[in-house]
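Reading the structure
Read off the chains here:
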Amino acid sequence: MSSPATGAATLAPRRSSRFVAWVRAWRAGLVPFDEVADAIVGDEEHLVADAPGTWTDVSLREALPSLARHSPDEIRLVLPAPGDPRGLPGPGDFTGAALLAGEAVVASGLGLVPEVRTHTSGSGMTWETVLWRVHPLPADAPKASLASPGAAEAEAELAAALAETTAALTRLDVAQWRPELAGALAALRRPDGTTDLPPGFDPRARRLFARAAVLDRVLALAGENAPGGAVNTFEAQQRDAALRPLTTACRQALVAACNAPLRL
């Protein structure tokens, strides 16, 4: 039986990464429009607020035609973090929302940020909806592609960071805090195809995306405090310092994979 962490490690990657990959493939003529919204949404409900030409929230399928005039290279993934705003324009509503979410989509004059809303039914069941809020971008906003590493560079940086961080976590005995992490880390070496890209991406981009998408989930789990307060403040600081280089390399790997040139 797979461990909870292994399951977490194979969940779908960040919503913006799937959005960018599938919309770019659609705009390149590699996948039909009818498949795009379903591939992005999965089993969630996705709505779009403030889409051009709309006056109320609409479904993702209804909003996607507003991106029909964009070429694949105009649609880019950005995964900013505090102190690392690569790919974002200057200060403004979009930049603030993207930094808060940790992810966003830039589409030549438009910025989209997913807002995840959690709902609870009267019986105690919870579910999530995703609202993509559209922000107009200034005409002189920098191109996200200028801040993106290439896939080869990102792959090398991810491999080096993974080796360094694994050694650091071993020294810190992080398995004592989260023993189920062993199964999740093992999953990194065996991507199973559940985190795949649509047609048009080359083998390097696919390999990079599969590894980084799984690793993204592992990092989210490793960064949580163990149940029962097993990690004290000092240990948590050590853990976070060990994870930081790998977290940065993982973000840049996802960006490089999703923004990679497409084979038409």
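Model, not experiment: these values are computed from the prediction.

1. With respect to the packing of aromatic side chains
Under the criterion given, the structure shown has two aromatic pairs. Judged by centre distance (4.7 Å) and plane angle (45°), the ring pair of Phe19 and Trp132 falls under tilted. Of this pair, Phe19 sits in helix 2 (residues 15–27) while Trp132 sits in strand 6 (residues 126–136), and the two are 113 residues apart along the sequence. Over the ring of Trp26 we find Arg27, and its NZ or CZ is 4.8 Å from the ring centre.

2. Describing the pairing of strand 3 (residues 75–78)
Covered by surrounding structure in strand 3 are Ile75 and Leu77 together with Arg76 and Val78, the residues of both alternating faces. Bridge count between strand 3 and strand 4 (residues 104–107): four bridges; the pairing is antiparallel. Across the sheet, the residue bridging to Ile75 is Ala107, located in strand 4.

3. Re the confidence of the model for the protein
Summing up the model confidence of the protein, the mean pLDDT is 81 and the portion of residues at 70 or higher is 77%. For the protein, helix 1 (residues 4–9) is the element with the lowest average pLDDT, namely 36, and helix 2 is the one with the highest, namely 97. Within the model, the stretch residues 226–230 combines pLDDT values under 50 with five contacts to residues more than four positions away or in other chains.

4. Brief notes about the pattern of salt bridges
Under the counting rule described, the total for this entry stands at 13 salt bridges. A salt bridge links Arg117 to Glu115; its shortest N-O distance comes to 3.8 Å. Taking relative accessible area as the criterion, Arg117 reaches 37% and is therefore assigned partly exposed. Given a relative accessible area of 26%, Glu115 falls into the partly exposed group. Residues joined in a network through salt bridges with shared partners are Asp50, Glu115, Arg117 and Arg133.

5. Observations concerning helix 3 (residues 33–41)
Every buried residue of helix 3 is listed here: Val36, Ala37, Ala39, Ile40 and Val41. On the buried face of helix 3, the contacting elements are helix 2, strand 1 (45–49) and helix 4 (60–63).

6. Here's the deal with the packing of helix 2 against helix 3
Between helix 2 and helix 3, the shortest axis-to-axis distance is 9 Å and the interhelical angle comes to 175°. In terms of axis orientation, helix 2 runs roughly antiparallel to helix 3. Facing helix 2, whose interface residues are Arg18, Phe19, Trp22, Val23 and Trp26, helix 3 presents Phe33, Glu35, Val36, Ala39 and Ile40. The residue inventory of the contact of helix 2 with helix 3, partitioned by class, reads eight nonpolar, no polar and two charged.

7. Remarks on the nonpolar core
Most often, soluble globular proteins have nonpolar side chains that are buried together. With 58 residues, the main nonpolar core has Phe19, Val23, Leu64 and Leu158 as its most contacted residues. Tallying contributions element by element places helix 10 (residues 233–258) first for this core, with ten residues. Within the second largest apolar cluster, eight residues are counted, among which are Ala98, Ala104, Val106 and Leu137.

8. Concerning the pairing of strand 6
The pairing of strand 1 with strand 6 spans five bridges and is parallel. Looking at strand 6, one finds that Ala49 is bridged to Arg133. One ladder, built from eleven bridges, connects strand 5 (residues 110–120) with strand 6; its direction is antiparallel. Counterpart to Pro114 in the pairing with strand 6 is Trp132.

Thresholds, definitions, all that
Residues numbered from 1 in each chain as written. Predicted model: local features only at pLDDT ≥ 70, side-chain atom pairs only at ≥ 80, totals over all residues. Heavy atoms only, no water. Phe/Tyr/Trp six-rings, centres within 6.5 Å; stacked < 30°, edge-to-face > 60°. Helix = DSSP H or I, 4+ residues; strand = E, 2+ residues; numbered from the N terminus. Lys NZ or Arg CZ within 6 Å of the ring centre and 35° of its normal. Buried < 20%, exposed > 50% of the residue type's maximum accessible area, 1.4 Å probe, protein only. Pairing = 2+ DSSP bridges. pLDDT = per-residue confidence, 0-100. Contact = heavy atoms within 4.5 Å. Salt bridge = Lys/Arg side-chain N within 4 Å of Asp/Glu carboxyl O. Axes fitted to C-alpha atoms, helices over the stretch in contact; angles between N-to-C directions. Parallel < 35°, antiparallel > 145°, perpendicular 65-115°, else oblique. Nonpolar A, V, L, I, M, F, W, Y, C, P; charged D, E, K, R; others polar. Core = buried A, V, L, I, M, F, W, Y, C linked by side-chain atoms within 4.5 Å.

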